[in-house]
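Architecture at a glance
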Amino acid sequence: MGKNRKSKRQLVRDEKRAKKRGLEIEHEEERDVKKQRREEEEAQHTPADAEYVPPPLDGTYDENAFPGGPEGRRGPNTNFEREFFGMLAEQEQEYFRHADELLELNDFPSTEERDIFLQNVYKEMRGKELKLASSQSCSRLMERLILLSNTRQKKSLFDAFGGHFISLVTHRFASHCCEKLFLQSTPVVTQELSGEYEQEPLPEGEEETEAMKSSMEDLFLLTLDELEEHLGYLLTDRFGSHAIRALLVILSGRPLDQAGTKSMLQSRKKEYITVEGAAANQSELSSQIRAVPSSFTMAIKKIIDDSTMTMDATALRVLARHPTGNPTLQLLLELELTMFVKGKEKKEKKQKKDDDEAEERKEETQSEATLLGMLVPDAPAAFADNTTQAAEFVNSMIYDPIGSRLLETLITHCPGKIFKGLQQHIFGPRIQSLLRNDIACYPAIKVLNRLSREDLADAVEKSIPEMANFVDKGRFNVIRTLFERCHIRNGTDEINALLKALTSAYGNDWKKLVPKLCMLDEEVEEEEQIPEVEMTEEGGEGKEERKEEKKKEKQQQPKFQTQEAKNKAFMLNHGCQLVAALLNIPGQPSKAIQASLAALKPAQVMKMATTSHNTSSILVKALQTPATNPTFHKVLVSSLLPHVYELATSQQGSAVLNEIISLPSKPAEPNAPAVPFHMKENIISQLANHESDLRETWLGRNVWRTWKGDMWSHRRHDWVRWAKETDPETARVAAVPRKREDKEKEEAEKKPKGYLGKNFDPKKAKGFAAKKFEKKEVEA
């Protein structure tokens, strides 16, 4: 396990920062305690009738406007008072802060010593778990402890938190500890279910509690029982909604490490608490679909029923537009559609033989109140009439920035009958106008992903006249989806029509596609616009001064990103994704992008390689793509040759440079990716000239190691042989001469049978044979 070695100056600086942070945290905790006491005193003097203020139905209510509830507020369905668990003493805070610093570094000589340290921390923490979890300065320690704890210690935390979960999950700091405990305890459920779990030995001097004897499944179910009464409130709570989402994901058995799951569970502002080297200890079960007990499936069904039982259509619409309640409602709808609705459809298809039983089942399913039925009642027949509740709900959510996300989930996972109704009556007739809108385009893209070939061809035909508007408004994600879906559905004619419309929007020139989509023209023109007076009088000094002025201007700019800059970043991201998608489609799209890349100036290619990950990934993808022009890869690499050192020290450019050495020097097939060997030698020789500079940076060392620079410096023949290992076997040329015997064998195999050589004389051979026969007779 790698260890961070810090200098004395860094250690002193870290110690000063830690002391400063500790003082700031102490002052903040004191202010929080005073504020809480003042609010509790005010709550005691307020009349009982004034405690509850119902929130407005338009979804705009102030979270701090409800005194007396958790975190100083009381909302709907909150019949509990937030508990105050007290504060840690100064000596206890100092001890736990020191333990937090040691765990963050994780610089223990062995795992045994770390386990002993954890046991001592748990002994010191006994009876103070609730104070520690709700402390601003020490809640991070609790999260790190959970990351390194064994199963017995996690069960002891469940025991300590039991009876207080509703206060903990709605607390600003303790909610993160609860989420971490839930997620880290998830693999234990699957291990206990499969019988692979082995209980750890009990340390000396400790007594085994009832929670340690219980299974992790029972502990999760007890936690759900405790939160059951307050589900309606937790759906919209700022902190409690994250805990509910985590529990729903755990109960469903979904992978925990997927990008979509992480974005659903965590906000972008969440602090990432980790321990160095702890990622290697994580179970493989978190990255794959997990087996869960049947009680978890029943618990999900009960949560969906309980959370929507007291809601009507109006309350669901408010929840769909609520910024905190919408993600939780998305997850509930997705779980219902994937786990229960589709399962019922399969059973009905299998048992369709008995008509009477099928009719009874249909009546039962219609009588059951499901979340899908409450959102779009009487669907799909209701979509034909715009005045029905289902049609009004869909039409009102299409252009809503928050409600459209729920509509995306409904479109992706709804049954086929409902999707056909949506496509036929709502999305199909106006697909081109929906794709043009900045909000409605995202539900429309989900519709495109489920269309058949005939419906997709119709949507493409309606969208082609709007291609210029798509380009002007930056709807590159819409264009990319159209190309990808046509490629999947084998719509060659539609792909050619889309490409023709796209190139016409850029002046009917393929060479303009990459500069426009990747926004290369503006940046390169700014750098190249240098006055001629500076270049003639001052030479290269004027250019360097201009660059220094630009750096100072960038430093003076505000650190936060403006809305215009954010929009530009999104457009660049979507434009690069469109270019990568066109490279993946063989035929005219790939040919157009390769022609545009080959026509770029060296400055533009260098800008793509070093500006961002999105642009550099296009170059990596282009090097991996078969060439429509035999000289494409050579032209692309030749543009990068003068800037090898800059690429090696760039975070994005180093990936492009490492991709070049992985390509063969001679193509195995016609138009296969290949870079000539003399270009590879040119690159490694330039890297060798800057060897000392490369070794000073991590990126430079990575490139030097990937290109095996030490082998080039000391064993040139071995490097040549290694560099040609990627070549096809028929094209390899050995660096070291082969043995004489091997050459003779190969030459003998090539000669025809009975061949005796060019200078063979039969008369001489006959005389020689006669003399040899006479010698044998004399000897006999």
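Here the structure is a predicted model, which is why all the values come from computation and not from measurement.

When helices and strands are counted, the chain shows 45 helices and zero strands. Within the span of the chain, comprising 780 residues, buried residues form 42% of the whole. In the chain, of all internal contacts separated by at least 6 residues, the share reaching a separation of at least 24 is 72%.

Before going further, it helps to spend a moment on the packing of helix α10 (residues 216-227) against helix α14 (residues 294-309). Relative to each other, α10 and α14 sit at 10°, their axes nearing to 11 Å. By the angle class used here, α10 and α14 are roughly parallel. In this structure, α10 uses E217, F220, L221 and L224 to contact α14, whose residues at the interface are S295, F296, A299 and I303. Here the contact of α10 with α14 is built from residues that sort into six nonpolar, one polar and one charged.

Turning our attention to the side chain of Q153. Structurally, the position occupied by Q153 is in helix α6 (residues 151-161). With sequence-adjacent residues up to four places away left out, Q153 is seen in contact with Q119 and Y122.

An ideal rise of 1.5 Å per residue puts 22 Å on 16 residues; α14 measures up with 23 Å between its terminal C-alpha atoms. What α14 keeps buried is the set F296, A299, I300, I303, I304, S307 and T308. Buried residues of α14 fall within an arc of 145° about the axis and therefore sit on the same side. Structural note: α14 exposes S294, M298 and M309 on the side pointing more than 90 degrees away from its buried face.

This paragraph deals with the packing of helix α8 (residues 174-194) against α10. Running from N to C, α8 and α10 point in directions that differ by 135°, and their axes come no closer than 8 Å. Comparing their axes, α10 and α8 come out oblique. When α8 is examined against α10, the residues F182, S185, V188, V189 and E192 are found in contact with a partner set consisting of M216, E217, F220 and T223. Residues that form the contact of α8 with α10 fall into these classes: five nonpolar, two polar and two charged.

Taking 1.5 Å of rise per residue, 12 residues should cover 16 Å, and α10 covers 17 Å from first to last C-alpha, within 8% of that figure. Listing the buried residues of α10 in full gives M216, L219, F220, T223, L224, E226 and L227. Taken around the axis of α10, the buried residues stretch over an arc of 160°, which confines them to a single face.

Our focus in this paragraph is the pattern of salt bridges. Taken as a whole and assessed by the stated rule, the structure comprises 14 salt bridges. One salt bridge in this structure joins R144 and D100, with 2.5 Å as the shortest N-O distance. Of this pair, R144 sits in helix α5 (residues 139-148) while D100 is found in helix α2 (residues 90-105), placing the two residues 44 residues apart along the sequence. Side by side, R144 and D100 carry an identical accessibility label, which is buried.

Counting across every chain of the model gives 12 aromatic pairs. With centroids separated by 6.3 Å and ring planes inclined at 50°, the aromatic side chains of F158 and F165 adopt a geometry described as tilted. Accessibility assignment for this pair places F158 and F165 in one class, buried. Seen from their ring centres, F158 and F220 are 5.5 Å apart, and the 65° between their planes marks the pair as edge-to-face.

Time to look at the side chain of E659. Residue placement: E659 occurs in helix α38 (residues 653-662). One buried charged side chain, E659, makes no salt bridge at all; its nearest oppositely charged neighbour is K621, positioned 9.6 Å away. Excluding anything up to four places from it in sequence, E659 contacts V620, L623 and Q624.

Let us look at unusual backbone geometry. Omega for the bond connecting A379 with P380 falls within 30 degrees of zero, at 5°, which places this linkage in the cis form. Among the secondary structure elements, P380 is positioned in the loop between α18 (371-375) and α19 (389-398). Residues other than glycine seldom take positive phi values, yet M519 does so here, at roughly 55°. With respect to the helices and strands, the residue M519 is situated in the loop between α28 (513-517) and α29 (520-528). When its relative accessible area of 15% is taken as the criterion, M519 is described as buried. In this structure, K708 takes a positive phi of about 50° despite not being glycine. Residue class for K708 comes out partly exposed when judged on its relative accessible area of 31%.

On to the environment of W712. Position of W712 relative to the elements: it lies in helix α42 (residues 709-714). Residue classification places W712 among the buried residues on the basis of a relative accessible area of 9%. W712 sits 24 residues away from A688 along the chain, and the two C-alpha atoms are 8.3 Å apart.

The next thing to look at is the environment of E334. By the element assignment, E334 lies in helix α16 (residues 325-350). When the C-alpha atoms of E334 and L372 are compared, they prove to be 9.7 Å apart, with 38 residues separating the residues in sequence. There is a polar contact of 3.4 Å between the side chain of E334 and the side chain of R254.

Attention now moves to the state of the cysteines. Within the structure shown, the criterion is met by zero disulfides. With no disulfide of its own, C576 lies closest to C518 among cysteine sulfurs, the gap being 4.0 Å.

This part takes up the environment of K666. Here K666 is to be found in the loop between α38 and α39 (677-689). Here the alpha-carbon distance between K666 and F677, two residues 11 residues apart in the chain, equals 8.1 Å.

Right, let's talk about the confidence of the model for the chain for a bit. Overall, the prediction assigns the chain a mean pLDDT of 79, with 71% of residues at 70 or greater. Ranking the elements of the chain by mean pLDDT puts helix α30 (residues 532-537) last, at 37, and helix α23 (residues 441-448) first, at 96. Here residues 45-77 scores under 50 on pLDDT; set against residues more than four positions off or in separate chains, the count is 52 contacts. Every residue in residues 524-541 scores below 50 in pLDDT, and together they form 17 contacts with partners more than four places removed in sequence or on other chains.

About the criteria used
Residues numbered from 1 in each chain as written. Predicted model: local features only at pLDDT ≥ 70, side-chain atom pairs only at ≥ 80, totals over all residues. Heavy atoms only, no water. Helix = DSSP H or I, 4+ residues; strand = E, 2+ residues; numbered from the N terminus. Buried < 20%, exposed > 50% of the residue type's maximum accessible area, 1.4 Å probe, protein only. Contact = heavy atoms within 4.5 Å. Axes fitted to C-alpha atoms, helices over the stretch in contact; angles between N-to-C directions. Parallel < 35°, antiparallel > 145°, perpendicular 65-115°, else oblique. Nonpolar A, V, L, I, M, F, W, Y, C, P; charged D, E, K, R; others polar. Expected span 1.5 Å × (residues − 1). Arc of directions from axis to C-beta. Salt bridge = Lys/Arg side-chain N within 4 Å of Asp/Glu carboxyl O. Phe/Tyr/Trp six-rings, centres within 6.5 Å; stacked < 30°, edge-to-face > 60°. Lys, Arg positive; Asp, Glu negative; His and termini not counted. Polar contact = N/O pair within 3.5 Å; in protein donor to acceptor, adjacent residues only side chain to side chain. Disulfide = S-S within 2.5 Å. pLDDT = per-residue confidence, 0-100.

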